[in-house]
Amino acid sequence: MSAGLAALLDDIAVLARAAAASVDDVGVAAAKAGAKAAGVVIDDAAVTPQYVRGLAAEREIPIVKRIALGSLRNKFLIILPVILVLSQFLPVLLTPLLMLGGAYLCYEGAEKIWERIAHRDHGDGEQERVDEKTLVAGAIRTDLILSAEIMVISLNEVASETFWSRLIILSVVAVIMTVLVYGAVGLIVKMDDVGLRLAEKPGKGVAKFGRGLVKAMPKVLTGLSVIGTAAMLWVGGHILLVGADDLGWHGPYSIVHHMEEAVHDATGALGAVFGWFTNTLASAVVGLAIGALIVAFMALTFHRKSHKKETPTETALAEAAPVDGTPPAETEHK
């Protein structure tokens, strides 16, 4: 009896060691996969703060939480099932789907630039009321593309694992990346509140630092908004370049890659930095060009059709209004 119990305890110890090794393996694989996607994580953290600009201070964190929950839904209900099924049965479709997402990011970035150019002189000094539902929906749509790239990059790093190992590792990556991105975003958008509290402290140095933080945050958020728009373009452009290369059209990516190598070789110790910047800039230019084409197409088709749709009431009022702009009721009274 005692021998049987000892054998059972030995078996349990072996299983426990195996389970611990499996957990370690998952942790290592998740860290390796996440490290490859770190660039997109930084881009995601830069893109998101622009969606909470203009909100009341008390609404910033609740909105970030809603976007973070939407990001988790994106990852677990859409991206993870799709990429696992496709990687198992139709891996050839992963690249075209990712390229569609890249084209959408290019469109988003180019549209934001066009809006700033087209409406630069139209401001009347009054801040428009922020529609939170629309804002959150837009942020979650953008997150879907960025999260998809994070997950596909991570998937490529664990492609040799079994289906269930891939599922566990990618689930860990999904949670960690979401916490990192939206934790960072939450800290960024609340830094002005931290500055206000520090400014009220008795110490001169601390109070001065707090006031400086409060003054700096609007500029920081403006800078992040610009970086976020640029990130949409360079991530979208890079997705399209790499995707085209994977599908057999090697020319565009080959040109960018040769440019990167030439700059890398010509700049010595800083070659890696300048090489990365060259690749990023070229990807952003490609993203802007593709995005501008999509914006122009949308403006000439869908947007034009929507502008032509006037209600009968609007048409009747327009026809009834006299040339001098006097309202119909006032003209009739006179």
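Attention in this report is confined to the structure presented alongside it. On a predicted model such as this, the values are computed, not experimentally measured, just so you know.

### Overview of the overall build of the protein chain
Looking only at helices and strands, the protein chain features 13 helices and zero strands. Each helix and strand of the protein chain, placed in order from N terminus to C terminus, yields the pattern α-α-α-α-α-α-α-α-α-α-α-α-α. The buried share of the protein chain, reckoned over its 334 residues, is 34%. Counting only contacts in the protein chain whose residues sit at least 6 apart along the sequence, the fraction spanning at least 24 positions is 77%. If you sum the accessible surface of the protein chain, you get close to 20,200 Å²; carbon and sulfur atoms cover 68% of it.

### Some details on helix α8 (residues 204-246)
With 43 residues, α8 should cover 63 Å at 1.5 Å per step; its first-to-last C-alpha distance of 58 Å lies within 8% of that length. Residue A216 marks the point of greatest curvature in α8, where the axis turns by about 35 degrees; the proline P218 follows within four residues. Directly beyond the C-terminal end of α8, a positive phi value near 110 degrees is found at G248.

### Here's the deal with the environment of G183
Mapping G183 onto the fold places it in helix α6 (residues 163-189). For G183, a relative accessible area of 34% translates into the label partly exposed. Between the C-alpha atom of G183 and that of K65, which follows or precedes it by 118 residues, the distance is 9.4 Å.

### Points about the environment of I294
Considering the arrangement of structural elements, one finds I294 in helix α10 (residues 271-300). C-alpha separation for the pair I294 and E111, spaced 183 residues apart in sequence, amounts to 9.0 Å.

### A short note on the nonpolar core
Of all hydrophobic cores here, the largest spans 44 residues; its most connected members are Y51, I63, I67, I83, M151 and L170. Mapped onto this core, the elements with two or more residues apiece are α3 (57-89), α4 (94-118), α5 (132-157), α6 and α8. Broken down by element, this core gets its largest block of residues, 11 residues, from α5. What L170 contacts, discounting residues up to four positions off in sequence, is L80, I83, L84, M151, S154, L155 and V158. Core analysis: the next-biggest nonpolar cluster, separate from the first, contains five residues, M99, A103, L240 and A244 among them.

### Some remarks on the packing of α5 against α6
Packing of α5 against α6 leaves a shortest axis separation of 10 Å and a crossing angle of 135 degrees. What the angle tells us is that α5 and α6 run oblique. Judged by the sense of rotation from one axis to the other, the crossing of α5 with α6 is right-handed. Packed against α5, whose contacting residues are D143, I150, M151, S154 and L155, the element α6 presents R166, L170, V173, A174, M177 and Y182 at the interface. In terms of residue class, the contact of α5 with α6 is built from eight nonpolar, one polar and two charged.

### Examining the pattern of salt bridges
All told, the structure shown has four salt bridges when counted by the stated rule. Residue R59 is joined to E132 by a salt bridge in which the shortest nitrogen-to-oxygen separation is 3.0 Å. With a gap of 73 residues between them, R59 in helix α3 and E132 in helix α5 connect regions that are remote in the sequence. Notably, a salt bridge pairs K190 with D193, separated by 2.4 Å at the nearest N-O pair. A relative accessible area of 22% places D193 in the partly exposed class. Via salt bridges that share partners, R59, R66 and E132 belong to a single interconnected network.

### Observations regarding the side chain of E108
Topologically, E108 is positioned in helix α4. In contact with E108, not counting residues within four places along its chain, are Y51, T142 and M232.

### Points about the packing of aromatic side chains
Under the counting rule described, the total for this entry stands at three aromatic pairs. Between Y104 and Y107 the ring centres are 6.3 Å apart and the planes differ by 45 degrees, which places this aromatic pair in the tilted class. Of this pair, Y104 and Y107 both sit in helix α4, separated by three residues, roughly a single helical turn. A residue is classified by how much of its surface remains accessible, and Y104, at 23% relative accessible area, is partly exposed. With relative accessibility at 12%, the residue Y107 sits in the buried group. Taking 6.5 Å as the distance between ring centres and 80 degrees as the angle between the ring planes, the aromatic pair formed by W234 and W276 counts as edge-to-face. Of this pair, W234 sits in helix α8 while W276 sits in helix α10, and the two are 42 residues apart along the sequence.

### Overview of the packing of α3 against α5
In contact at an axis separation of 8 Å, α3 and α5 are set at 40 degrees when each is read in the N-to-C sense. The angle between α3 and α5 falls in the class oblique. In the packing of α3 onto α5, the handedness of the crossing is right-handed. The residue inventory of the contact of α3 with α5, partitioned by class, reads 15 nonpolar, five polar and seven charged.

Thresholds, definitions, all that
Residues numbered from 1 in each chain as written. Predicted model: local features only at pLDDT ≥ 70, side-chain atom pairs only at ≥ 80, totals over all residues. Heavy atoms only, no water. Helix = DSSP H or I, 4+ residues; strand = E, 2+ residues; numbered from the N terminus. Buried < 20%, exposed > 50% of the residue type's maximum accessible area, 1.4 Å probe, protein only. Contact = heavy atoms within 4.5 Å. Areas by Shrake-Rupley, 256 points an atom, 1.4 Å probe, with all protein chains shown as cover. Expected span 1.5 Å × (residues − 1). Bend = angle between axes of the 7 residues up to and from the residue. Core = buried A, V, L, I, M, F, W, Y, C linked by side-chain atoms within 4.5 Å. Axes fitted to C-alpha atoms, helices over the stretch in contact; angles between N-to-C directions. Parallel < 35°, antiparallel > 145°, perpendicular 65-115°, else oblique. Left-handed = near helix turned anticlockwise from the far one by under 90°. Nonpolar A, V, L, I, M, F, W, Y, C, P; charged D, E, K, R; others polar. Salt bridge = Lys/Arg side-chain N within 4 Å of Asp/Glu carboxyl O. Phe/Tyr/Trp six-rings, centres within 6.5 Å; stacked < 30°, edge-to-face > 60°.

Purely geometric stuff here, so don't read any function into it on its own.
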